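What follows is each chain in one-letter form.
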Amino acid sequence: MKFYLAPMEGITTYIYRTVYNRYFGGIDKYFTPFIASKKMNRRELNEILPEHNQGLSVVPQILTNRAEEFLQITRKIAEYGYDTVNLNLGCPSGTVTARKRGAGFLSVPDELDRFLYEIYAQSPLHISIKTRIGIASVDEWETILAIYEKYPLAELIIHPRLQKEFYKLTPHKEAFASALAALPGIPLCYNGDITSPKSLSMLLDAAPQTDCVMIGRGILRNPALVSQLDEHKIINSCSKDTFKAFHDEIFEGYAAQMSGETPTLFKMKDLWTYFIESFEGAEKHLKKIRKASTYSEYKIAVNSLFRDCSIANYHTDTPV
Ligand SMILES: Cc1cc2nc3c(=O)[nH]c(=O)nc-3n(C[C@H](O)[C@H](O)[C@H](O)COP(=O)(O)O)c2cc1C
């Protein structure tokens, strides 16, 4: 089984990725959060700079519905030595889909087809795709698959939910299984709600040929998850000491990169939405972390959480 870390805007940044890789690892491929501006702003450039991604296999992700823009960004990315880019056809957020980008592009299959024709004809790099299965009905999936079938996709990562489902309900695993049957020549990767050995074995029941999964929130909540899914990938168990050192390095990374305490704390508080799930009975500490407005208040709140709370039980679950 191959494991990929999902791109998560503002969360799986190069700082998170490199520190995660050092402490836990087991990831075969990382993806940058989406790049959407053809000029590439400082934040986007930081994500792809080779010196920020040392020792990691990284695929930059692009969000656009304009072929010329996609190609322009791709040419820039090629200058940094990458061999593959990923196209985002999965983002469900209203501001993105209203402009027919991300999952919104799936609502206009003919335009999507023309766009893919142009980018596959001219791109200097291989192109993989991360996709949802439609907008409002699973019946759309067949049409979308028939389009993908026409192009030399480096890889297709499928989050088998509809755009209108956002992150709710259960992923349509049967839609992933149907893609395995329909696209035998394209490497496929499953994404969505893999949070435990049990959820992985349920996926394998529904789609036994699955050999690649992309995981986002499951790893954010439990950074040792991959080692629980595959004992050969073990690097570190999730002891409190390891988690604290992991946390501290991310904090120091942001403190060095961001301009001031407020943006650094903003980043860390975002991460705590997920980290909190790693601890038993940590809610009152989370409130203090959220309230912190200086580094010193933040560190006091974090230190007392690490002192008072134990690591959640499911982190020590043995793999099934
Ligand atoms: C806060 C947040 C930011 C995300 N940003 C991106 C992104 O930049 N590009 C992308 O393809 N998917 C993005 N996603 C979707 C994830 O990559 C992934 O598909 C989703 O979380 C489902 O996988 P999971 O259940 O393993 O978390 C984001 C999801 C969340 C919750």
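Rules behind the numbers
Residues numbered from 1 in each chain as written. Predicted model: local features only at pLDDT ≥ 70, side-chain atom pairs only at ≥ 80, totals over all residues. Heavy atoms only, no water. Helix = DSSP H or I, 4+ residues; strand = E, 2+ residues; numbered from the N terminus. Rg over C-alpha atoms; globule rule 2.2 N^0.38 Å. Buried < 20%, exposed > 50% of the residue type's maximum accessible area, 1.4 Å probe, protein only. Contact = heavy atoms within 4.5 Å. Areas by Shrake-Rupley, 256 points an atom, 1.4 Å probe, with all protein chains shown as cover. Lys, Arg positive; Asp, Glu negative; His and termini not counted. Charge placed at Lys NZ, Arg CZ, Asp CG, Glu CD. Patch = residues over 30% accessible without salt bridge, like charges linked within 9 Å, V, L, I, M, F, W, Y side chains within 5 Å. Salt bridge = Lys/Arg side-chain N within 4 Å of Asp/Glu carboxyl O. Core = buried A, V, L, I, M, F, W, Y, C linked by side-chain atoms within 4.5 Å. Domains from an automatic or database assignment. 1 Å grid on protein atoms, 1.4 Å probe; cavity = no way out; pocket = protein on both sides within 12 Å on 5 of 7 lines; lining within 4 Å. Points joined across faces, edges and corners; volume = space filled by probe spheres on them. Nonpolar A, V, L, I, M, F, W, Y, C, P; charged D, E, K, R; others polar.

Draft legend 1. Region of interest: the overall build of the protein chain. Each helix and strand counted, the protein chain has 14 helices and 8 strands in total. Computed over the C-alpha atoms, the radius of gyration of the protein chain is 20 Å, within 12% of the 20 Å expected from 2.2 N^0.38 for a compact globule of 320 residues. Once the C-alpha set of the protein chain is aligned to its principal axes, its extents read approximately 55 × 45 × 35 Å. Counting only residues that meet the buried cut, the protein chain has 56% of its 320 residues in that class. The contacts in the protein chain between residues at least 6 apart in sequence include a share of 73% that link residues at least 24 apart. Just so you have it, the protein chain exposes about 14100 Å², and 51% of that area is on carbon and sulfur atoms. Here the protein chain carries 37 positive and 37 negative side-chain charges, and the mean point of each set is 6 Å from the other.

Draft legend 2. Region of interest: unusual backbone geometry. For methionine 40, which is not glycine, the phi dihedral falls at a positive 60°. Considering the arrangement of structural elements, one finds methionine 40 in the loop between β2 (29-35) and α2 (42-48). Owing to a relative accessible area of 8%, methionine 40 belongs among the buried residues under this scheme. In this model, phenylalanine 166 sits at a positive phi of 45°, which is unusual for a non-glycine residue.

Draft legend 3. Representation of a positive patch on the surface. The grouping of Lys284, Lys287, Lys288 and Lys291 at the surface amounts to a positive patch. Mapped onto the elements, lysine 284 comes out in helix α13 (residues 283-291).

Draft legend 4. Inspection of the nonpolar core at higher detail. Counting residues in hydrophobic clusters, the biggest one holds 99 residues, and the most contacted among them are Leu116 and Trp272. Split by domain, this core shows at least three residues from each of two domains, domain 1 (2-225) and domain 2 (240-308). Beyond its immediate chain neighbours, meaning those up to four positions away, leucine 116 contacts Leu87, Ile129, Ile147, Tyr148 and Tyr151. The next biggest cluster of nonpolar side chains, apart from the first, holds 8 residues, and it includes Tyr4, Ala6, Cys189 and Cys212.

Draft legend 5. Focus on the side chain of lysine 269. By the secondary structure assignment, lysine 269 is in helix α12 (residues 261-275). There is no salt bridge for the buried lysine 269, and the closest opposite charge comes from glutamate 297, which lies 7.4 Å off by N-O distance. Not counting the four nearest positions on each side in its chain, lysine 269 is found in contact with Ile289, Arg290, Lys291 and Ala292.

Draft legend 6. Local environment of the layout of surface pockets. When its volume is computed, the largest pocket comes out at roughly 630 Å³. Contributing to the lining of the largest pocket are 29 residues, with Pro7, Met8, Glu9, Lys130 and Tyr167 lying nearest its centre. Put simply, the parts of the chain that give the lining of the largest pocket at least two residues each are β2, β5 (126-131), β8 (212-215) and α9 (217-221). Ranked by residue count, the leading element in the lining of the largest pocket is α9, at 3 residues. Of the residues contributing to the lining of the largest pocket, the split by class is 13 nonpolar, 10 polar and 6 charged.

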